[in-house]
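Take a look at the letters that make up each chain.
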Amino acid sequence: MSLRLPRVDRILDHPALASSPALRSIQKRYVNDALADLRRRALAGEISEAPEAEAIARAVARRLAEVMTPRPRALINATGVLLHTNLGRAPLSREAVAAMTAAAGTCELEFEVESGRRGSRLTWLRPLLAALLGAEDVHVVNNGAAALLLACTAVGRPGGVALSRGQMVEIGDGFRVAEMAAAGGAALWEIGSTNRTHVADYAAALTGELPGQSGPVAAILWVHLSNFSQAGFVHQPELAELAALGRARGVPLLADLGSGSLGGIPGEEPTVQEYLSQGADLVTCSGDKLLGGPQAGILAGSAALVGRCRRHPLARALRPDKTTVAALHATALAYASGQADTLPLRRMIGWSEDQLRARAEALAARLGWPPGQVRASVATVGGGSLPGDTMASVALAVPTRDPSATAAALRHAGVVGRVHAGELLLDLRTVAPEEDEALIAAVRDV
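Residues numbered from 1 in each chain as written. Predicted model: local features only at pLDDT ≥ 70, side-chain atom pairs only at ≥ 80, totals over all residues. Heavy atoms only, no water.

Asker: Before we move on, can you summarise the overall build of the chain with the specific residues and values?
Answerer: If you tally the helices and strands in the chain, you get 17 helices and 14 strands. Looking at the 446 residues of the chain, the share that counts as buried comes to 48%. When contacts within the chain are restricted to residue pairs at least 6 apart in sequence, long-range pairs at least 24 apart make up 73% of them. Total accessible area on the chain is roughly 21,500 Å²; 52% of this is exposed by carbon and sulfur atoms. Each charge class in the chain was averaged separately, 44 positive and 44 negative side chains, and the resulting centres sit 7 Å apart. (Helix = DSSP H or I, 4+ residues; strand = E, 2+ residues; numbered from the N terminus. Buried < 20%, exposed > 50% of the residue type's maximum accessible area, 1.4 Å probe, protein only. Contact = heavy atoms within 4.5 Å. Areas by Shrake-Rupley, 256 points an atom, 1.4 Å probe, with all protein chains shown as cover. Lys, Arg positive; Asp, Glu negative; His and termini not counted. Charge placed at Lys NZ, Arg CZ, Asp CG, Glu CD.)

Right, dumping it as structure tokens:
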């Protein structure tokens, strides 16, 4: 079906799209896209009549208003998921935010103030992180997946890396650790079975006995089961066993911890220090999970292997920007000075149920809600860390006849809750006390 669509210039001249000349070309693109979509819908039989120029102009103006608003905007996480990947994972400390702001302008990123010569962006961060982690050396890239990619590419070639089928983890958005490890060209050799892998399986890979192998693997890869657990008839060698095997054969052991825990977290999550002490030659992890810092990837281990990674061409492509370096340094300083419990993630974990209930009751009273709107809740760490672990929490149940519609309205007001068992819950474990006023304002507006 052919539509009689209004001319582009008529739509652009409508007062709804009045703007500066600089925006005109962007508006024209959006108008052309809108007209193309109308033609597509007409051919599909979805519409039989074209809208007026005014309607198209106003629709384009609304769309432009959305994309021309600075994003991502701040939201209040009231979901009860502490490390919510879709909401930015670990909230940064005030010190980290201040450090990022200070570094946002001209800064000593790769400049030595003392000598006036060029320096490294990790000059100050490397020794601090290495001391905290008990590593000979450390390198930093822009996220945890990048750390794994760099490690496997720099250390795992030409023979490739051996990975147990029981550790072939899939993380969010369909990305698989095995595919990321091999993305830089290192072959990935699957060993063992889904539920049981033995030291002998690794030994076969190290002597080139796997089908299709032309020689031994260059490295062993150990991947922590960060977002699921296995039970029943299962077996994986201990990390220390693989470290001993690797040392005996002269093959390095790479260990991807993911969560980046340095300890002090409830549950049985291993730490980077433990992996290194058990014999891992190179450990990779994230900075924005249990470490509680910005998005970053950390490679910690032997000076020789970290040096190989640092000199690899990929290191340049994967390097962190100046604000990330600043925020990670501020986060490391919190650990080094014994102030880790002041990090937002650690604060959320540390609040007692009684503290949360007192806050919830006070908020309910200010909102004019009965005490019965305070509910016992269950929070989780999230972010691919501590699978299955939960902690007691307290939430406000928003009085509404349509929880889903109210949840949508609250999202537009800047608050993300969760609908559970027919109720809209605002879990306070993931809401900082300094966000209480904004939470109240948003709820009242809705």
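That covers the picture; the talk isn't over yet.
Asker: An account of the sheet that holds strand 7 (residues 253-258) is needed here, citing residue identities and associated values.
Answerer: A sheet is described by the order of its strands in space; here seven strands give the open sequence 3-9-8-7-6-4-5, paired in mixed fashion. Each edge of the open sheet carries a strand with a single partner, namely strand 3 (137-141) and strand 5 (188-191). For this sheet, the mean inter-axis angle between neighbouring strands, taken without regard to orientation, is 25°. (Pairing = 2+ DSSP bridges. Axes fitted to C-alpha atoms, helices over the stretch in contact; angles between N-to-C directions.)

Asker: Explain the UniProt feature "modified residue: N6-(pyridoxal phosphate)lysine" (unreviewed entry) in the chain to me, using residue names and the numbers behind them.
Answerer: When the UniProt feature table is mapped to this numbering, "modified residue: N6-(pyridoxal phosphate)lysine" (unreviewed entry) covers K289. In this fold, K289 is placed in the loop between strand 8 (282-286) and strand 9 (297-301). (UniProt positions renumbered as here; feature names shortened; annotations may be inferred.)

Asker: Go over the layout of surface pockets with me, naming the residues and quoting the values.
Answerer: If you add up the space inside the largest pocket, you get close to 890 Å³. Counting only elements with at least two residues in the lining of the largest pocket, the list comes to strand 1 (76-77), helix 4 (94-104) and helix 14 (344-350). The greatest single-element share of the lining of the largest pocket, amounting to three residues, is contributed by helix 14. Residue composition of the lining of the largest pocket, grouped by class: 14 nonpolar, six polar and seven charged. (1 Å grid on protein atoms, 1.4 Å probe; cavity = no way out; pocket = protein on both sides within 12 Å on 5 of 7 lines; lining within 4 Å. Points joined across faces, edges and corners; volume = space filled by probe spheres on them. Nonpolar A, V, L, I, M, F, W, Y, C, P; charged D, E, K, R; others polar.)

Asker: So what's going on with the pattern of salt bridges? Which residues, and what values?
Answerer: Under the defined criterion, the tally for this structure stands at 22 salt bridges. E66 is the salt-bridge partner of R63, the closest N and O atoms lying 3.0 Å from each other. With a gap of three residues between them, R63 and E66 both fall in helix 3 (residues 53-67), about one helical turn apart. Note on E66: relative accessible area 43%, which makes it partly exposed. One salt bridge connects R126 with D137, and the closest N-O pair in it is separated by 3.1 Å. Of this pair, R126 sits in helix 5 (residues 125-133) while D137 is found in strand 3, placing the two residues eleven residues apart along the sequence. Judged by relative accessible area, R126 falls into the partly exposed class, the value being 27%. (Salt bridge = Lys/Arg side-chain N within 4 Å of Asp/Glu carboxyl O.)

Asker: How would you summarise the nonpolar core if you had to cite specific residues and measurements?
Answerer: The biggest cluster of nonpolar side chains holds 47 residues, and the ones touching the most others in it are L133 and V138. Apart from the residues within four sequence positions on either side, L133 is in contact with V138, L262, V272, Q273, L276, I298 and A300. L363, V381, I440 and A442 belong to the second-largest nonpolar core, a separate cluster that totals 36 residues. (Core = buried A, V, L, I, M, F, W, Y, C linked by side-chain atoms within 4.5 Å.)

Asker: Tell me about the packing of helix 4 against helix 13 (residues 322-336), residues and numbers included.
Answerer: Where helix 4 meets helix 13, the axes come as close as 8 Å, and the angle between the chain directions of the two elements is 145°. Classified by chirality, the crossing of helix 13 by helix 4 is right-handed. On helix 13, the residues touching E95, A96, A99, M100, A103 and A104 of helix 4 are K322, T323, A326, A327, A330 and T331. Tallied by class, residues from the contact of helix 4 with helix 13 come to eight nonpolar, two polar and two charged. (Left-handed = near helix turned anticlockwise from the far one by under 90°.)

Asker: Describe the packing of helix 6 (residues 144-155) against helix 11 (residues 303-311), with residues and values.
Answerer: Remark: helix 6 packs on helix 11, axes separated minimally by 9 Å, with the N-to-C direction vectors making an angle of 100°. By the angle between their directions, the pair helix 6 and helix 11 is classed as roughly perpendicular. Of helix 11, the residues touching helix 6 (which contributes L150, A151, A154 and V155) are L305, R308 and C309. Grouping the amino acids of the contact of helix 6 with helix 11 by side-chain chemistry returns six nonpolar, no polar and one charged. (Parallel < 35°, antiparallel > 145°, perpendicular 65-115°, else oblique.)

Asker: Residues and numbers for helix 5, please.
Answerer: By the burial criterion, the buried members of helix 5 are L125, L128, L129, A130 and L133. Tucked inside the fold, the buried residues of helix 5 contact strand 3, helix 10 (272-277), strand 9 and helix 13. Once helix 5 ends, the next one or two residues include G134, with phi positive near 70°.

Asker: Can you tell me about the sheet that holds strand 10 (residues 374-382), naming the residues and giving the values?
Answerer: Taken in spatial order, the five strands of this open sheet run 2-10-11-14-13, and their pairing is mixed. Of all the strands in the sheet, just strand 2 (81-83) and strand 13 (418-420) have a single pairing partner and so form its edges. Along the sheet, successive strands turn relative to each other by an average axial angle of 45°, direction set aside. As paired elements, strand 2 and strand 10 share two bridges and run parallel to each other.

Asker: Explain helix 2 (residues 21-43) to me, using residue names and the numbers behind them.
Answerer: If you check helix 2, its first and last C-alpha atoms are 34 Å apart, about what 23 residues at 1.5 Å a residue would give, namely 33 Å. Those residues of helix 2 hidden inside the fold are in contact with helix 1 (8-12) and helix 3. (Expected span 1.5 Å × (residues − 1).)

Asker: Tell me about the side chain of Q213, residues and numbers included.
Answerer: For Q213, the position within the fold is in the loop between helix 8 (199-206) and strand 6 (219-223). Each residue touching Q213, except ones within four places of it in the same chain, is listed here: W189, A204, A205 and G208.

Asker: Go over the pairing of strand 5, please, and point to the residues and values.
Answerer: On strand 5, burial follows the alternation: W189 and I191 on one face are buried, whereas L188 and E190 on the facing-out side are not. In this fold, strand 4 (residues 161-164) hands off to helix 7 (residues 177-182), which returns the chain to strand 5; that crossover is right-handed. (Right-handed = clockwise from strand over helix to strand, strands pointing away.)

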